[in-house]
Amino acid sequence: MEVTEADAGNYRCTAKNNHGHTHHVITVQVKAAPYWTSAPRNLILAPKESGILTCLAGGIPKPKVAWSVNGMPIQNAPNDTSREVRGETIFLSDVRTGSSAVYQCNASNEFGYLLANAFVNVLAEPPRVLTPPNNVYQVITNNLALLDCASFGSPIPTINWFKDGQTSILNGDPYVLHTNGSLEIHVAQPLHSGKYTCVATNYLGSKENHVYLEVKEPTRILKQPEYKAVQRDRKAVFECKVKHDPTLIPTMIWLKDGGDLPDDDRFVIGADTLTIHDVTETDEGQYTCIMNTTLDQDSASATLTVVDRPSPPIDLELTDQLARSVQLTWIPGDEHNSPTQKFLIQFEDSLHERGVWVNMTEVPGTKTSARLDLSPYVYYSFRVLALNDVGYSDPSASSEQYRTNPDKPEDNPSDVQGSGTDPKNLVISWKPLTGYQSNGPDLQYVVSWRQKDLDQEWATVTVENASQYVVPETPTFVPFEIKVQAKNHFGMAPEPEVAVGYSGEDLPSAAPASVKVEAGNDTIAEVTWEPVPMATVHGKLQGYKVYYWREKSLLQEDAEPEEPQVMVFSGNKTEGKVSGLHPYSLYNLQVRVFNSKGEGPESVKKTFQTPEGVPGQPAFLNVIDQSLDSLSLEWGLPEQHNGLLTGFTLKYQPVNDTSELGRMEEVTLPANETKLTLSSLKYSTRYKVYISANTVKGAGPNISQEAVTIIDTARPTARAFGRVNSSVEQNGAVISWEYSGPDNIYVEYNVENSKDAWTKEFVNGTQTYLIKGLKAGTSYRVRVVAKDHSDQTLHSTDELVITVPAMPSQQVDIATQGWFIGLMCAVALLILVLLIVCFIKRNKGGKYPVKEKEDQHQDPEIQPMKEDDGTFGEYSDTEDHKPLKGSRTPSNGTVKKDDSDDSLVDYGEGGDGQFNEDGSFIGQYSGKKEKDTAEGNESSEAPSPVNAMNSFV
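Residues numbered from 1 in each chain as written. Predicted model: local features only at pLDDT ≥ 70, side-chain atom pairs only at ≥ 80, totals over all residues. Heavy atoms only, no water.

### Thoughts on the overall build of the chain
We count it as follows: Strands here are runs of E lasting at least two residues and helices are runs of H or I lasting at least four, both read from the DSSP assignment and numbered beginning at the N terminus. Accessibility here uses a 1.4 Å probe with only protein chains present; expressed as a share of the type maximum, an area under 20% marks a residue as buried, one over 50% as exposed, and anything in between as partly exposed. With residues, only the protein chains shown are counted as cover, and all accessible areas are computed by Shrake-Rupley using a 1.4 Å probe.
The number of helices and strands found in the chain is three helices and 70 strands. Here the chain holds 953 residues, and the buried ones make up 40% of them. Here the chain displays about 52,200 Å² of accessible surface, and carbon together with sulfur accounts for 49% of that area.

### Some points on the sheet that holds strand β35 (residues 342–349)
What counts is decided by this rule: Between any two strands, pairing holds if DSSP finds at least two bridges.
Reading across the sheet, the four strands line up as β36-β35-β38-β39 and stay open at both edges, with antiparallel pairing between neighbours. The strands lining the two open edges of the sheet, one partner per strand, are β36 (353–364) and β39 (402–403). Two elements, strand β38 (residues 379–387) and β39, share two bridges in a ladder whose sense is antiparallel. Bridging from a neighbouring strand, Y379 pairs with R403 of β39.

### Some words on the packing of aromatic side chains
The line we're drawing: Aromatic pairs are defined between Phe, Tyr and Trp rings, using the six-membered ring for Trp, whenever the two ring centres lie within 6.5 Å; interplanar angles under 30 degrees are classed as stacked, those over 60 as edge-to-face, and all others as tilted. We call a charge positioned above a ring when the Lys NZ or Arg CZ atom is no farther than 6 Å from the ring centre and deviates by at most 35 degrees from the ring normal.
Tallying each qualifying case throughout the model produces 17 aromatic pairs. A network of ring pairs unites the aromatic residues F347, Y380, F382 and Y436 as a single cluster. A cation sits over an aromatic face here: K545 above F594, 4.9 Å from the ring centre. Positioned above the aromatic ring of Y547, the side-chain terminus of R592 is 5.9 Å from the ring centre.

### Structural notes on the state of the cysteines
What counts here: Any two cysteine sulfur atoms lying within 2.5 Å of each other are counted as a disulfide.
If you walk through the whole model with that rule in mind, you get three disulfides. Between the sulfur of C149 and that of C198 lies a disulfide, 2.1 Å long from S to S. Because the sign of the S-S torsion sets the handedness, a value of about 75° for the bond joining C149 and C198 places this disulfide among the right-handed ones. Taken together, the residues span a long stretch of sequence, with C149 in the loop between β15 (145–147) and β16 (151–154) and C198 in strand β21 (residues 194–202) at a distance of 49 residues. Cysteine pairing for the chain (bonded cysteines numbered in sequence order): 1-2, 3-4, 5-6.

### What about the side chain of D80?
Put simply, the rule reads: Between N or O atoms, a polar contact is any pair within 3.5 Å; within protein, one atom must be a potential hydrogen donor and the other a potential acceptor, and residues adjacent in sequence are included only when both atoms are from side chains.
Inspection of the secondary structure puts D80 in the loop between β8 (72–73) and β9 (83–86). For D80, a relative accessible area of 3% puts it in the buried group. A polar contact is formed between the side chain of D80 and the side chain of R96, at a distance of 3.4 Å.

### Thoughts on the pattern of salt bridges
Inclusion rule: Each salt bridge in this description consists of a side-chain nitrogen of Lys or Arg and a carboxyl oxygen of Asp or Glu lying within 4 Å of one another.
For the coordinates displayed, the defined rule picks out 34 salt bridges. In this structure, E410 and R324 form a salt bridge, with 2.4 Å as the shortest nitrogen-oxygen distance. Residue E410 is located in the loop between β39 and β40 (414–419), and its partner R324 is located in the loop between β33 (314–319) and β34 (325–331); the two are separated by 86 residues in the primary sequence. Judged by its relative accessible area of 41%, E410 is partly exposed. Owing to a relative accessible area of 32%, R324 belongs among the partly exposed residues under this scheme. One salt bridge in this structure joins E599 and K545, with 2.9 Å as the shortest N-O distance. Of the two residues, E599 is situated in the loop between β53 (585–595) and β54 (606–609) and K545 in strand β50 (residues 541–553); the sequence distance between them amounts to 54 residues.

### A short note on the side chain of D349
Counted only if it meets this: Counted as positive: Lys and Arg. Counted as negative: Asp and Glu, with His and the chain ends omitted from the count.
Turning to its location among the elements, D349 is positioned in strand β35. The side chain of D349 is buried and forms no salt bridge, while R354, the nearest opposite charge, is found at 8.4 Å. A polar contact is formed between the side chain of D349 and the side chain of H352, at a distance of 2.4 Å.

### Overview of the confidence of the model for the chain
This is how the line gets drawn: pLDDT expresses how confident the predictor is about each individual residue, on a scale running from 0 to 100. Two residues qualify as a contact provided that any one of their heavy atoms is within 4.5 Å of a heavy atom in the partner residue.
Mean pLDDT over the chain: 82, with 82% of residues reaching 70 or higher. When the elements of the chain are averaged for pLDDT, strand β63 (residues 720–725) gives the smallest value, 38, and β38 the largest, 97. Throughout residues 713–729 the model reports pLDDT below 50, and contacts reaching past four residues in sequence, or to other chains, amount to 42 contacts. Residue range residues 845–953 is modelled with pLDDT below 50. Its contacts to residues more than four positions away, or to other chains, number 264 contacts.

### Overview of unusual backbone geometry
A cis geometry characterises the amide bond from I60 onward to P61, with omega recorded as -5°. Mapped onto the fold, P61 is located in the loop between β6 (56–60) and β7 (64–69). For the peptide bond that leads from S154 to P155, omega is 5°, which places it in the cis range. Its place among the elements puts P155 in the loop between β16 and β17 (158–163). For N70, which is not glycine, the phi torsion reads 55° and is therefore positive.

### Some thoughts on the sheet that holds strand β14 (residues 135–140)
Sheet architecture is open: five strands sit in the order β14-β22-β21-β17-β18, paired in mixed fashion. In this open sheet, the two edge strands, each paired with only one partner strand, are β14 and β18 (168–169). Here β17 pairs with β18 via two bridges, running antiparallel. Bridging across to β18, W161 finds its partner in I169.

### Details of the environment of C55
Mapped onto the secondary structure, C55 falls in the loop between β5 (51–54) and β6. Remark: the alpha-carbon pair of C55 and W67, spanning 12 residues in sequence, is separated by 9.1 Å. In this view, C55 contacts W36, S38, P40, V65, W67, E88 and C105; residues no more than four positions away in its chain are not counted.

If you want it as structure tokens, here you go:
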């Protein structure tokens, strides 16, 4: 059993029996060797700072504490005004550079002792920023952004932040400055993007570092996949349209029920879609699209349900069977994910129509039974079909057969009609009853008729297996009352309704009278007549037909009559118009009445004459001869004169190169003239000629033709060519052409594609001309024009497009100038010298041995001491130093190995980044092996004081 201090005390032992009792007290004292309750820790202080070393040990008896400094009892050590010993505690205040030392605490009692070392290092270090420069932080809008600024220095540097070179960023919305130097933006927005600078400062100097913040657009799904209910074997398509920051690379993945998609070729992933072909029941589930970027993601889900037609109902049962009704019940089949909308009940009558299923009734999809009304004398079998959004199920199995007893008919034949097929008969027809409607055997029909409006008895006949009956020897087209009643072996159907029909029609016997015709114009005539008496129609009046035909043209005596044309006027009309007539012609016309049987006799023939009209277009117009100033024309008579020709009207006008028309000239010619020569025309000119024929009604449509008078050879030719002068002293163009003749010659030009007026220059006596003053780099249109003495343009050459070249460049190639080559050589030499100087300064630094550091500071209190046994050894001038304990950590408590080449963090082993209760730097430094290179362009600085302390540990 292990004894503890709590076991100390008085123990009482009691003994007793029937005769009495007694006791004895035993005192137990527990002694303990020293043990630590608070061992001293390494301490790193900046000049003028304060610190505390505490040495607390437990034990019985209470251990005595003795302090040593640099291996020497503290009472014998040189006096240090910054140090005050108060028993178990040493207070350090207003420390100075060079007062670094190793303090040793010895706690002992009669059972043993404890020995602990604490290194106090006084450092003065300018700030250094340990966060790598030019870090780029990327965050999503409305998220937290944390910009690091890990620093090192003694005293601990103060951190300030700046954005885009502006004023300092202080605590407060939206910024929070942490004690470790990090800058927090708790809700980052795009306006916070930019360059941030952190500056670490203490009294020895300052150091800055730049980082960049990029606030990105969030990834958002704009169109989410939607719920799909898809029929089996069809296609399902899910859409997932996403918006993301364009600088981030997106990746779209699809999941099914939270896992990977099945490895199946039916699943096809598009840019923003998922398509599933030939859907099966196994494809049902939840499908999720996830859009990932390097910073965020968004997702959305939708469910796929596979639907199909319902399975057929089962277990049909007939209950509550009565003479004229029965209860049908069934069990629904599988709905296949689509609710049943209704049930369709069908029946088969195997007595009358075996194998024919007839729709009987429908019930809602929520019901599973129906009361069915039945007809007599039917052998019923029932079946049920279910309907959902996809379609009808297959029919169920048929129910057991249910037979109803016969009865008299309840219905009479429908669609009863009466009409004659002959002037002396009446055909009575009807739609027979079906076997289902017969209600019993021996179905027959009782057919009855009598002439309407006469006091007659009904004539009756009974027929079987028929749908009509012919009544002979009836008057022509008179009304009859008719009815048809069903009966069978068990009785008669109810009394039927009476219908009205007519006996057969005959052809009308009268012709319309008083027919009159009046020609309204040359192509339309108005016709009137008196209606025939209704008694002579011998049927239902359908209307009147007007027959008309051209007997002859009044211009051609030997023309044959045309085939008659007909116009129909329905109903009891007495007038109408016939159209499409030929002008100046003789026509015949007759009118007939007609009914459904046919047409009646024709009316008296009427003859009428259409007036003259305007003639048709001349048959042709030809130019038969051309000269310098005349055109000879010939034309043909119109094919349709439409009257007596009174003459021709000929018009003509000049047409220039742009299709603009000149003044119109007009000539009137007699009807017997078909040739004409137009004289006094301009040579080399295009003319357009029009000619039309005339009657007393006016001019008909014209025919036109174009022709050109003979070209005058005394003019510039139609071709021109130019040569562009490209010299910079003379902006212009030389134009050449071929020419012979007495006319005035002009060169005209303007800027291409402009609306400017043509610039004209007179150039007689030459076939070349220099156009001066043209703009460099501009295109011009040029033409040569010949004009007569009245300044009338006779002819113009084709336009020629020329381009004046731009001025050549006057720049000098600077790369070939001597002064420029010399300047470049001087710059290259200067850069070489600077590189050599930088290389020399970089290699002047090196390891900083402890002994050189000691000589520099001449601090007698610093002595070497081994860490393992507390004894002291010799200083070492080698570069293989032991790591320094207690090196200061950066403000965030961690430093990456490659962050800073000369940081004290590289020398210690602590590095928890916490302050002691007295606010000193205890625990702020941790040691690592010294690095060989310095940071950036600080390589020429003096080595860190930390190197001087490596041998003390």
